[in-house]
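Coordinate analysis (summary)
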Amino acid sequence: MDREFDAATMSIGFIGAGKMAQALTRGFLASRIASKEGIIASAPTSQSISAIKEYGIHVTCNNQETVQDSRVVVVAVKPNVVSTVLREVSPVVTKEHLFVSIAAGVKIRSIEEELPPETRVVRVMPNTPCLVQQAVSVLSTGTWAKNGDAVFVRQLMSAVGQVHESEEEILDAVTGLSGCGPGYMFMALDAMADGGVRCGLPRDMAIQLAAHTMMGSAKMVLESGKHPAQLKDDVCSPAGATIHAVSKLERLGFRGAIVDAVMTAHKRTKELGKAKETT
């Protein structure tokens, strides 16, 4: 596979056209990693591909067509149907293909077993902020992935955000934290905005203040090098409003609730990976 990115020749196929496939498509187009002509997506019905079709890419209900028209195949279906779609496309898979799975919980070994021998596989756990090129993704390589495949996928996913590489054994934990994390952040942001509205702020202003506060705080963590607890202490003046609020959050179990949410998502991801396929 050519490791150089050329939007004129890049061919990416999505098996599955749900929210994450849509987010990645939008991110790849926005970053010009690929052109509309270079992306194809497939899903079982015309209704299920209607949303991704709005990006101007080619769509089909034929998964084999997606594979035949692509060099990079992104497996973006629900975990319980991964085996079905892989067996379906296996007859048209060649050594030129690189499979990139974003299916939560599905192990690399189980993907490789459904594809021809020595098929190159990379498993990635991204998250939905790839819509705005602010994703964080973690990748792991399969048995027959070439030396350059990890570099290639890292460059591909870097077009929509930050990328890390790790052993596969921690990817379910990654899913529980960053894969599902946007849901926790949106919930916290919404609650902060509700608090502002209750105190008299207009709704639009409250949402803007909460969103920028969250974004700025995250940037401080990333750029200052300080532990989040230190930054929290820095903003808590003695007997001030913030320490009173933080103390209230501690009494209500805020920290424990977030930890439990990550652990619950981690557990569910493992369950999804082990779930028997339904047809």
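Our structure is the block above this text.
A word on the packing of helix 7 (residues 171-179) against helix 12 (residues 254-274). Closest axis-to-axis distance for the helix 7/helix 12 pair is 8 Å, and the angle between their directions is 135 degrees. The angle between the axes of helix 7 and helix 12 places the two elements in the oblique class. For the crossing formed where helix 7 meets helix 12, the hand is right-handed. Of the residues in helix 12, those touching helix 7 at Asp-172, Ala-173, Thr-175, Gly-176 and Leu-177 are Val-262, Ala-265, His-266, Thr-269 and Lys-270. Residues of the contact of helix 7 with helix 12, tallied by class, amount to four nonpolar, four polar and two charged.

Here we come to the side chain of Ser-42. Mapped onto the fold, Ser-42 is located in strand 2 (residues 39-42). We classify Ser-42 as buried; its relative accessible area is 1%. Here the side chain of Ser-42 touches Thr-66 through a polar contact of 3.0 Å, side chain to side chain.

You will see that Arg-32, though not glycine, has its phi angle at about 60 degrees, which is positive. Turning to its location among the elements, Arg-32 is positioned in the loop between helix 1 (19-30) and strand 2. Classification of Arg-32 as exposed rests on a relative accessible area of 70%. Despite not being glycine, Glu-118 shows a phi value in the positive range, around 70 degrees. Locating Glu-118 in the fold gives a position in the loop between helix 5 (108-114) and strand 6 (120-125). Glu-118 sits in the partly exposed class, given a relative accessible area of 46%.

Attention now goes to the packing of aromatic side chains. Applying the stated criterion across every chain, the model contains one aromatic pair. Judged by centre distance (6.4 Å) and plane angle (25 degrees), the rings of Phe-14 and Phe-28 are stacked. With Phe-14 in strand 1 (residues 12-15) and Phe-28 in helix 1, the pair connects residues that are 14 residues apart, well separated along the chain. Taken as a pair, Phe-14 and Phe-28 share a single burial class, namely buried.

Within the open sheet, the eight strands sit side by side as 3-2-1-4-5-6-7-8. Their pairing is mixed. At either margin of the open sheet sits one strand with a lone partner, and together these are strand 3 (58-60) and strand 8 (161-165). Within this sheet the neighbouring strands show an average axis-to-axis angle of 25 degrees, counted without direction. In the sheet, strand 2 pairs with strand 3 via three bridges, with the strands oriented parallel. Note on strand 3: the bridge partner recorded for Ala-41 is Val-59. Here helix 1 sits on the sheet and contacts strand 1 and strand 2; the angle it forms with strand 1, its principal contact strand, is near 165 degrees.

How each quantity is defined
- Residues numbered from 1 in each chain as written.
- Predicted model: local features only at pLDDT ≥ 70, side-chain atom pairs only at ≥ 80, totals over all residues.
- Heavy atoms only, no water.
- Axes fitted to C-alpha atoms, helices over the stretch in contact; angles between N-to-C directions.
- Helix = DSSP H or I, 4+ residues; strand = E, 2+ residues; numbered from the N terminus.
- Parallel < 35°, antiparallel > 145°, perpendicular 65-115°, else oblique.
- Left-handed = near helix turned anticlockwise from the far one by under 90°.
- Contact = heavy atoms within 4.5 Å.
- Nonpolar A, V, L, I, M, F, W, Y, C, P; charged D, E, K, R; others polar.
- Buried < 20%, exposed > 50% of the residue type's maximum accessible area, 1.4 Å probe, protein only.
- Polar contact = N/O pair within 3.5 Å; in protein donor to acceptor, adjacent residues only side chain to side chain.
- Phe/Tyr/Trp six-rings, centres within 6.5 Å; stacked < 30°, edge-to-face > 60°.
- Pairing = 2+ DSSP bridges.

Nothing here speaks to function; it is all geometry.
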